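# Structural description and commentary
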Amino acid sequence: MALPDSGISGEEVPFPEIIELNVGGQVYITRYSTLTSVPDSLLWEMFNRKSAKGLARDTKGRFFVDRDGFLFRYILDYMRDQQLVLPDHFPERGRLQREAEFFNLPELVKLLAPKISKQNSLGDEGCQSDPEDSSPGIDTARNLGSLGAAAAACASLVPGAMDGKRSGFITIGYRGSYTLGRDSHTDAKFRRVARIMVCGKTSLAKEVFGETLNESRDPDRPPERYTSRYYLKFTFLEQAFDKLADAGFHMVACNSTGTCAFAHEQTDDKIWTSYTEYVFYRE
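Scoring rules and cut-offs
- Residues numbered from 1 in each chain as written.
- Predicted model: local features only at pLDDT ≥ 70, side-chain atom pairs only at ≥ 80, totals over all residues.
- Heavy atoms only, no water.
- Pairing = 2+ DSSP bridges.
- Helix = DSSP H or I, 4+ residues; strand = E, 2+ residues; numbered from the N terminus.
- Axes fitted to C-alpha atoms, helices over the stretch in contact; angles between N-to-C directions.
- Contact = heavy atoms within 4.5 Å.
- Core = buried A, V, L, I, M, F, W, Y, C linked by side-chain atoms within 4.5 Å.
- Buried < 20%, exposed > 50% of the residue type's maximum accessible area, 1.4 Å probe, protein only.
- Polar contact = N/O pair within 3.5 Å; in protein donor to acceptor, adjacent residues only side chain to side chain.

### Some points on the sheet that holds strand E2 (residues 26-31)
- Within the open sheet, the three strands sit side by side as E2-E1-E3. Their pairing is mixed. In the strand order of this sheet, the two ends are held by E2 and strand E3 (63-65), each with one partner. Each strand of the sheet is rotated relative to its neighbour by a mean of 30°, with strand direction disregarded.
- Sheet topology note: the strand E1 (residues 18-23)/E3 ladder contains three bridges and is parallel. Within E3, the position partnered with Val23 by the bridge is Val65.
- Each of E1 and E2 is contacted by helix H3 (residues 72-81), which is oriented at about 5° to E2, the strand it contacts most.

Take a look at the structure:
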């Protein structure tokens, strides 16, 4: 089978057209041409050689790279068409920039860097960057100054920022139980919710729920820390939904699990226990 031109003349390229990679325990299968699509990158140097000897392999013979296997999918996507496409609210931007630096992809590093203009204004991508994950180096002090300007610019761009409202997630969850009759599932009898739990940043939880938030299980939590030990003083889910909606949050996800705890010996009614979570986000 013919192989792509690698720049090595007079000899057959020692790599197959389809290559398997093990990156941090995650297996990727891609084309040789994809891995050598960016000249002078680390992957180009690895696979643009006369011999595969010296390259690390796992127990199944796949080429091994000791890096973040989850983030490598974005590295590989970029190498396919030299475009950066990330999910909404991507939280690992700083870490991905480090990976781009390791794989020697300077153009990708530029795309991931916060975009700061001379007027200290930021684009949307700059607001979504992750300053806590920035790589330390010689210019640490200068980078911190730039991040300060970036934070100020983000605050000016976000609607309601001057009102003290901040973006973030809040998760509310509850445990419940219900009984299913032997004849029909329509006989389900639901018990009252005993407690509504709150998980998220302390400052956001206090802003949304105020005096209805019970902090007794974690009374001294700093405002910028996260907690999963708060719960609400009321037990109506709709009331919690209304407070979140009034504060500008909208539901982005929910999930629920249920297990059969036991069956009544005489009636064959089954008692089920469940746990449900609702995830809310404010931009």
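### Focus: the nonpolar core
- Core analysis: the largest hydrophobic core is formed by 31 residues, its most contacted members being Leu21, Phe47, Phe72 and Ile75.
- For this core, the secondary-structure elements that each account for two or more residues are E1, helix H1 (32-35), helix H2 (42-47), E3, H3, helix H4 (93-102) and helix H5 (106-112).
- The leading source of residues in this core is H3, at six residues.
- Dropping the residues within four chain positions of it, Leu21 is found in contact with Gln26, Val27, Tyr28, Leu35, Phe47, Phe63 and Phe72.
- Listed in part, the 21 residues of the second largest apolar core include Val198, Leu204, Leu232 and Leu237.

### Considering H4
- Where H4 is concerned, the buried positions are Arg93, Gly94, Leu96, Gln97, Glu99 and Ala100.
- Asn104 occupies a position one or two residues after H4 and carries a positive phi of about 55°.

### With respect to the side chain of Asp218
- When you line up the elements, Asp218 lands in the loop between strand E7 (213-214) and strand E8 (226-232).
- What makes Asp218 buried here is its relative accessible area of 15%.
- Asp218 has contacts with Thr227, Arg229 and Tyr230, leaving out every residue within four places of it along the chain.

### What to know about unusual backbone geometry
- Even without glycine at this site, Asp40 takes up a positive phi of about 70°.
- Within the secondary structure, Asp40 sits in the loop between H1 and H2.
- For Asp40, a relative accessible area of 49% corresponds to the partly exposed category.
- Even without a glycine there, the phi angle at Gln82 is positive, about 60°.
- Topologically, Gln82 is positioned in the loop between H3 and H4.
- By relative accessible area, Gln82 is classed as partly exposed at 38%.

### Quick word on the environment of Ile172
- Note that Ile172 resides in strand E4 (residues 168-180).
- Ile172 gets classed as buried once you look at its relative accessible area, which sits at 0%.
- Between the C-alpha atom of Ile172 and that of Phe280, which follows or precedes it by 108 residues, the distance is 8.3 Å.

### Observations concerning the side chain of Thr227
- For Thr227, the location among the structural elements is in strand E8.
- Separated by 2.9 Å, the side chains of Thr227 and Asp218 make a polar contact.
- Once residues within four sequence positions are removed from consideration, Thr227 is found in contact with Val198, Cys199, Gly200, Thr202, Asp218 and Arg221.

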